[in-house]
Amino acid sequence: AIYREKITPIKPLETKPPVLLVKIDNESLIKAQEKGLIQKRYPLNYSYLSKIITALSNKNSQIIGIDYVLSKVKEQPEKNNINLRKAINNAVSKNNWFIFAYD
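Please read all numbers here as calculations on a predicted model, not as lab measurements.

1. Quick look at the overall build of the protein chain
1) Next: Counting its secondary structure elements, the protein chain contains 4 helices and 2 strands.
2) Next: Tracing the protein chain from N to C terminus, the helices and strands come up as α-α-α-β-α-β.
3) Next: Expressed as a percentage of its 103 residues, the buried residues of the protein chain come to 25%.
4) Next: Relative to all contacts within the protein chain whose residues are 6 or more apart in sequence, the contacts with residues 24 or more apart total 63%.
5) Next: For the protein chain, the exposed surface amounts to about 8,600 Å²; the carbon and sulfur share of it is 56%.

2. Structural notes on the pattern of salt bridges
1) Next: Summed over all chains, the structure comprises 2 salt bridges.
2) Next: Glu 27 is paired through a salt bridge with Lys 31; the nearest N and O atoms lie 3.2 Å apart. Of the two residues, Glu 27 and Lys 31 are both situated in helix α2 (residues 26–34); the distance of 4 residues between them amounts to about one turn of the helix.
3) Next: By relative accessible area, Lys 31 is classed as partly exposed at 42%.
4) Next: Between Arg 85 and Glu 78 there is a salt bridge, with the nearest N and O atoms lying 3.9 Å from each other.

3. Looking at helix α4 (residues 78–93)
1) Next: In this model α4 runs 22 Å from its N-terminal to its C-terminal C-alpha over 16 residues, within 8% of the 22 Å that 1.5 Å per residue would give.
2) Next: Elements in contact with the buried residues of α4: α3 (46–58) and β2 (97–100).
3) Next: Following α4 by one or two positions, Asn 95 has its phi on the positive side, about 70°.

4. Structural notes on the pairing of strand β1 (residues 63–66)
1) Next: Side chains of β1 alternate between two faces, with Ile 64 and Ile 66 buried and Ile 63 and Gly 65 left unburied.
2) Next: As judged from the 4 bridges shared by β1 and β2, these two strands associate in the parallel manner. Within the sheet, the bridge partner assigned to Ile 66 lies in β2 and is Phe 100.
3) Next: Crossover β1 to β2 through α4 is right-handed.

Definitions and cut-offs
- Residues numbered from 1 in each chain as written.
- Predicted model: local features only at pLDDT ≥ 70, side-chain atom pairs only at ≥ 80, totals over all residues.
- Heavy atoms only, no water.
- Helix = DSSP H or I, 4+ residues; strand = E, 2+ residues; numbered from the N terminus.
- Buried < 20%, exposed > 50% of the residue type's maximum accessible area, 1.4 Å probe, protein only.
- Contact = heavy atoms within 4.5 Å.
- Areas by Shrake-Rupley, 256 points an atom, 1.4 Å probe, with all protein chains shown as cover.
- Salt bridge = Lys/Arg side-chain N within 4 Å of Asp/Glu carboxyl O.
- Expected span 1.5 Å × (residues − 1).
- Pairing = 2+ DSSP bridges.
- Right-handed = clockwise from strand over helix to strand, strands pointing away.

Right, here's the structure in full:
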């Protein structure tokens, strides 16, 4: 630190962090339930997840990682599955990349 500040007066560039983690926390789930966006927490309503994906895509995220097991398709109303598929397809059409966790 002394070398950087005293001998070479070069300051590091102000940069944005390359990764933003968005966690669906307890508070978010409570608010979503209060607004009627979800009825129960598990399995997570795919329409709610599609809204999050759309919001991230609209913020020009380059990579969107989903750490949620999306194997509960049969437990979702068909419109939720369609909404999730559309959100992912729209994000991909905007050159967003997806990383899905696999268990």
